[in-house]
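# Results of the structural survey
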Amino acid sequence: MTMNSSRCFSVAIAALLLLAAVAGTAAAVDVSGDVPQSAQVGAKQQTQFTFTDPFDGQYNEWTLRGETELTDVSWVVTTYDNTGAQVDKRVLNGQSFDYHLNATSGVTKVTVDLTGTTPRVEQWSYDPAQTVTYATFTQAQRGGSSATIESWDGVRPYTQDSQRARDAIDSAAAAIDDASSAGASVGDARDLLDNAKSAYDAGNFDNAVSLATQSKSKANAASSSQRTKHWALIGGVVVVVLVVLAGIVWWYLNQRDTYDRLG
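Keep in mind the model is a prediction, meaning the values are calculated, not measured. Note on numbering: residues in each chain are counted from 1, in written sequence order. Reporting in this predicted model follows two pLDDT cut-offs: at least 70 for local features of residues, and 80 or more for side-chain atom pairs to be given and counted; totals over whole chains, interfaces and linings ignore these cut-offs and use all residues. Processing note: side-chain calculations cover all non-hydrogen atoms of the structure and skip hydrogens and water entirely.

### Topic: the confidence of the model for the protein
The pLDDT value tells you how sure the predictor is about a given residue, anywhere from 0 up to 100. In the predicted model, the protein carries a mean pLDDT of 84, and 75% of its residues have values of at least 70. Note on residues 1-26: pLDDT under 50 across the span, and 9 contacts to partners over four residues away in sequence or across chains. Residue contacts are counted whenever heavy atoms from the two residues lie within 4.5 Å of one another. Confidence drops under pLDDT 50 across residues 235-239; counting only partners more than four residues distant or on other chains, this segment forms 0 contacts.

The following block contains the structure:
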């Protein structure tokens, strides 16, 4: 094999590898679904996902794979043809499922109804907030290659107590930012806020609320004190200006009176 032939062969192999990599990481199937940003622990969640154009010309046969961290899960997979008529409907249980799709069936749309329960939280975290994977869908091929269609993995689980603590911490943080912007000293308030976050991470939400409330009070007091100092400074400047003006007026009137007597 000549050097040029060898070089061309190497380029062709590299191109094939690149195409294989792209095919394994990019899915052209469109999917939509209304997923919540947060979900209460122990509450039932229900979302319908709609897949359009399942056969985009790249694959005429593939497997739709779904996964979730919700518990007590059921998936209802329904397929439709281009007239809107139902082709198939299947109920699948468990935190994952596989459903085989073939273009010869005439399917043009797929819906997946996910029902599950928000799992309990093992480890709480204020920042970054703990999250669960609500749903992940993958386009899988024979031979093991696959590509993620879409993943909703940033859903924040909460309880009433954890949400109350988070709201209190958020409110204290906002008060500290306002006080700091006004030039107030907020070191004590920040320390209390850090302790509130630590209590939140430990799952001690009542203590987190108490510490956050103290932090907010400290920040508001510092802000109020700063405003008082600000207006006191302005008042002092005004007094000085008035005294100076009064002195100028007195000097002017005194000079005029002296001039009149000399005249």
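Next comes the rest of the description.
### Regarding the side chain of Ser125
Strands are runs of DSSP state E lasting at least two residues, helices are runs of H or I lasting at least four, and both sets are numbered from the N terminus onward. Mapped onto the fold, Ser125 is located in the loop between β8 (109-117) and β9 (135-140). Using a 1.4 Å probe on the protein chains alone, a residue whose accessible area is under 20% of its type maximum counts as buried, one over 50% counts as exposed, and one in between counts as partly exposed. Here Ser125 falls in the buried class, since its relative accessible area comes to 18%. Nitrogen and oxygen atoms within 3.5 Å of one another constitute a polar contact, given that in protein one can donate a hydrogen and the other can accept it, and given that sequence-neighbouring residues count only through two side-chain atoms. Within the structure, the side chain of Ser125 is placed 2.4 Å from the backbone oxygen of Pro128, a separation counted as a polar contact.

### Quick word on the sheet that holds strand β4 (residues 61-67)
Any two strands between which DSSP finds at least two bridges are classified as paired. Reading across from one edge, β7-β4-β9-β10 is the order of the 4 strands in this open sheet, with antiparallel pairing throughout. This sheet does not close on itself; its edge strands, each paired only once, are β7 (96-102) and β10 (146-152). In this sheet, neighbouring strand axes are inclined to one another by 20 degrees on average, regardless of whether the strands run parallel or antiparallel. By the bridge criterion, 5 bridges tie β4 to β9 in an arrangement that is antiparallel. Considered in β9, the bridge of Thr63 is made with Ala140. With axes taken as lines fitted to C-alpha atoms, and helix axes fitted only over the stretch in contact, angles between N-to-C directions fall between 0 and 180 degrees.

### Digging into the packing of aromatic side chains
Here the aromatic set is Phe, Tyr and Trp, taking the six-membered ring for Trp, and pairing holds for ring centres within 6.5 Å; pairs whose planes are under 30 degrees apart are stacked, those over 60 apart are edge-to-face, and all others are tilted. Across all of its chains, the model carries 10 aromatic pairs by this definition. Aromatic side chains Phe49 and Trp152 sit 4.9 Å apart centroid to centroid with 45 degrees between the ring planes, which places their arrangement in the tilted category. Taken together, the positions of Phe49 in strand β3 (residues 44-52) and Trp152 in strand β10 put the pair 103 residues apart, joining distant regions of the chain. With relative accessibility at 18%, the residue Trp152 sits in the buried group. Between Trp75 and Phe97 the ring centres are 4.8 Å apart and the planes differ by 50 degrees, which places this aromatic pair in the tilted class. Of the two residues, Trp75 is situated in strand β5 (residues 71-80) and Phe97 in strand β7; the sequence distance between them amounts to 22 residues. For the pair Trp75 and Phe97, one class covers both residues: buried. Among the aromatic residues, ring-to-ring pairing joins Phe49, Phe51, Trp75, Phe97, Phe137 and Trp152 into one connected group.

### Some remarks on helix α3 (residues 187-201)
The span you would expect from a helix comes to 1.5 Å times its residue count less one. Counted at 1.5 Å a residue, the expected span for α3 with its 15 residues is 21 Å, and the 21 Å between its end C-alpha atoms agrees. Along α3, the residues that are buried comprise Ala189, Leu192, Leu193, Ala196, Ala199 and Tyr200. All buried residues of α3 fall inside an arc of 115 degrees around its axis, so they share one side. Just beyond α3, the residue with positive phi is Gly203, at close to 80 degrees. The reported arc concerns the directions from the helix axis to the C-beta atoms and nothing else.

### Section: unusual backbone geometry
Geometrically, the link from Asp127 to Pro128 is a cis peptide bond, its omega value of 0 degrees lying close to zero. Backbone geometry places Asp53, a non-glycine residue, at a positive phi of 55 degrees. With respect to the helices, strands and loops of the structure, Asp53 is situated in the loop between β3 and β4. At Asp72, a residue that is not glycine, the phi angle is positive and equals roughly 50 degrees.

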